[in-house]
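A closer look at the structure
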Amino acid sequence: MIPKRPLLCERLGFLYCPPWRVQGSSIAGEGTVVQVPELDVVFDLGWCPRMVLSSPLVAISHGHMDHVGGLPYWFSQRVFQKMGVGRCVCPKRLERPLMNMMAGWVPIENQDTPYQVQGLEHLEEVDLKPNTRLRAIEMNHGTASLGYAAIEYRSKLRPDLAGLSQSQLKELRDRGDEITYRLEIPLLAYTGDTQMCPNLLRREFCEAPVVLSECTFFNPNHRDRARVGRHLHVEDLPELMEAWKAKHVVLLHVSRRSSLEEARQRIEEVLSEEDASRVHMLMDHRRNRTRYDQQLEDSGQSHPKMVDGVAVEP
Ligand SMILES: [Zn+2]
Ligand SMILES: [Zn+2]
């Protein structure tokens, strides 16, 4: 008998949540890596699919292997492919151990791979793009762990000055008065691994139009597993979905203990129809493909038909 060949490629998940693409792979305990190309960021790096090399910043949520295993490869490949030095942010407590890890790779590769690792405390921020920053938010996973929110900053005229002429505003500014204030607009939030915690109800999560959230367990008998592993369970979703205004909530980190069909069914059981329609699963390839085809059809665009990753029709 001829043995079965291995799966030729583990498929990557893809969702278009306008204006962001959310792409990567996430299975509890095995690997989580989620890229948002338009924001130049990758959340976690359990392993390193080729496409995530193009993002210059990796935001690591915590030190479990399924979230950091691909990091040294990513640093090394970015330099090898002449894409510049990779930059990684992580919980403060991981800064030194990750640097030690990279130092350990020097004699193995016989190469001094350049890298940048910056530990962040709760609410510390780094630049992501012009006018957009990434804010670290402490989560609760039994180890130092962070979620992240991308926040756009806009400078707005103080409302009490509306109606003044340009020359009057200039006069105020010349006098040293602050005529603008800073408006913070959450763009997208990522939970990392966490159990239910007050920070999940912070404004960054409640107001982000897209939330990428772990949800590891779905079976009603797995509440204990969720509690012990400090993960979210589908029964936490009603409270979160009520608080989060997001148009799109992308669930990650689904355990292989639940089939996608079981998970979808449970989502529909615990949430209202309207809330359930806002929830997607990154690794639900079939539904995501149908959704994307519909998005294409609605836009009037056509893309080449793909078979095994190869375009077969113009
Ligand atoms: Zn994990
Ligand atoms: Zn974890």
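Below is a summary of the structure that appears in this document. Predicted model only: the values in this text are computed from it and were never measured.

1. Some remarks on the coordination of the zinc ion (ligand 1)
- Within the protein, Asp66 (OD), His67 (NE2), Asp193 (OD) and His253 (NE2) serve as the donor atoms for the zinc ion (ligand 1), at 2.1 to 2.3 Å.
- Because the angles between the four donor atoms bound to the zinc ion (ligand 1) fall within 86 to 171 degrees, the donor set is best described as irregular.
- In the primary sequence, the donor residues of the zinc ion (ligand 1) line up as D-H-x125-D-x59-H.

2. Structural notes on the coordination of the zinc ion (ligand 2)
- Looking at the zinc ion (ligand 2), the protein donor atoms are His62 (NE2), His64 (ND1), His141 (NE2) and Asp193 (OD), and they sit 2.2 to 2.5 Å from it.
- Taken together, the four donor atoms coordinating the zinc ion (ligand 2) span angles of 89 to 168 degrees at the metal, a pattern that classifies the geometry as irregular.
- Read from N- to C-terminus, the donor residues coordinating the zinc ion (ligand 2) fall into the pattern H-x1-H-x76-H-x51-D.
- We classify His62 as buried; its relative accessible area is 0%.
- Take His64: its relative accessible area is 35%, and that puts it in the partly exposed class.

3. Remarks on the sheet that holds strand S3 (residues 31–36)
- In space, the seven strands of this open sheet follow the order S1-S2-S3-S4-S5-S6-S7, with mixed pairing throughout. One side of each edge strand has no neighbouring strand; the edge strands of this open sheet are strand S1 (13–17) and strand S7 (116–120). The sheet shows a mean angle of 20 degrees between the axes of neighbouring strands, direction not considered.
- Pairing analysis gives five bridges linking strand S2 (residues 20–27) to S3, with the strands arranged antiparallel. Residue Ser26 lies in a different strand from S3, and its bridge partner there is Thr32.
- Packed on one face of the sheet, helix H3 (residues 95–109) meets strand S6 (87–91) and S7 and runs near 165 degrees to S7.

4. Here's the deal with the side chain of Asn288
- Considering the arrangement of structural elements, one finds Asn288 in helix H10 (residues 285–299).
- Not counting chain neighbours up to four residues away, the residues in contact with Asn288 comprise Phe14, Leu15, Met281, Leu282 and Met283.

5. With respect to the environment of Leu164
- Within the secondary structure, Leu164 is located in the loop between strand S10 (146–157) and helix H4 (166–174).
- A relative accessible area of 33% places Leu164 in the partly exposed class.
- Distance from Leu164 to Gln23, taken between C-alpha atoms, is 46 Å for residues 141 residues apart in sequence.

6. Observations concerning the pairing of strand S12 (residues 210–214)
- In terms of burial, S12 is a largely internal element, five of the five residues being buried.
- Burial of the side chains of S12 extends over both faces: Val210, Leu212 and Glu214 are buried on one face and Val211 and Ser213 on the other.
- With three bridges joining them, strand S11 (residues 180–190) and S12 adopt parallel strand pairing. If you follow Leu188 over to S12, its bridge partner there is Val210.
- Both S12 and strand S13 (residues 248–252) contribute to a ladder of five bridges, which runs parallel. Paired with Glu214 across the strands is Leu252, a residue of S13.

7. Points about the sheet that holds S13
- Pairing is mixed across the open sheet formed by seven strands, whose spatial order is S8-S9-S10-S11-S12-S13-S14. What marks the edges here is a single partner per strand, and that holds for strand S8 (125–129) and strand S14 (279–281). Sheet twist, expressed as the average angle between the axes of neighbouring strands with direction ignored, equals 35 degrees.

8. Observations regarding helix H2 (residues 71–80)
- Burial of H2 is extensive: seven of the ten residues sit out of reach of the surface.
- All of the buried residues along H2 are Leu71, Pro72, Trp74, Phe75, Ser76, Gln77 and Arg78.
- Against the buried residues of H2 lie strand S5 (57–59), helix H1 (65–68), S6, H3 and S7.
- Positive phi appears at Lys82, one or two residues downstream of H2, with a value of about 55 degrees.

9. Considerations on the packing of aromatic side chains
- According to the stated counting rule, one finds six aromatic pairs in the structure shown.
- A network of ring pairs unites the aromatic residues Phe43, Tyr148 and Tyr190 as a single cluster.

10. Some thoughts on the side chain of His67
- Among the structural elements, His67 can be located in helix H1.
- A polar contact is formed between the side chain of His67 and the side chain of Asp66, at a distance of 3.2 Å.
- Only 3.0 Å separates the side chain of His67 from the side chain of Asp193, close enough to count as a polar contact.
- Discounting chain neighbours no more than four positions away, the residues touching His67 are Thr32, Asp44, Leu45, Gly46, Ile60, Ser61, His62, Tyr190, Asp193 and His253.

Calculation rules
- Residues numbered from 1 in each chain as written.
- Chains lettered and ligands numbered in written order.
- Predicted model: local features only at pLDDT ≥ 70, side-chain atom pairs only at ≥ 80, totals over all residues.
- Heavy atoms only, no water.
- Donors = N, O, S within 2.8 Å, 3.2 Å for Na, K, Ca; no water.
- Tetrahedral: all angles 85-135°; square planar, octahedral: opposite > 155°, others 65-115°.
- Buried < 20%, exposed > 50% of the residue type's maximum accessible area, 1.4 Å probe, protein only.
- Pairing = 2+ DSSP bridges.
- Helix = DSSP H or I, 4+ residues; strand = E, 2+ residues; numbered from the N terminus.
- Axes fitted to C-alpha atoms, helices over the stretch in contact; angles between N-to-C directions.
- Contact = heavy atoms within 4.5 Å.
- Phe/Tyr/Trp six-rings, centres within 6.5 Å; stacked < 30°, edge-to-face > 60°.
- Polar contact = N/O pair within 3.5 Å; in protein donor to acceptor, adjacent residues only side chain to side chain.

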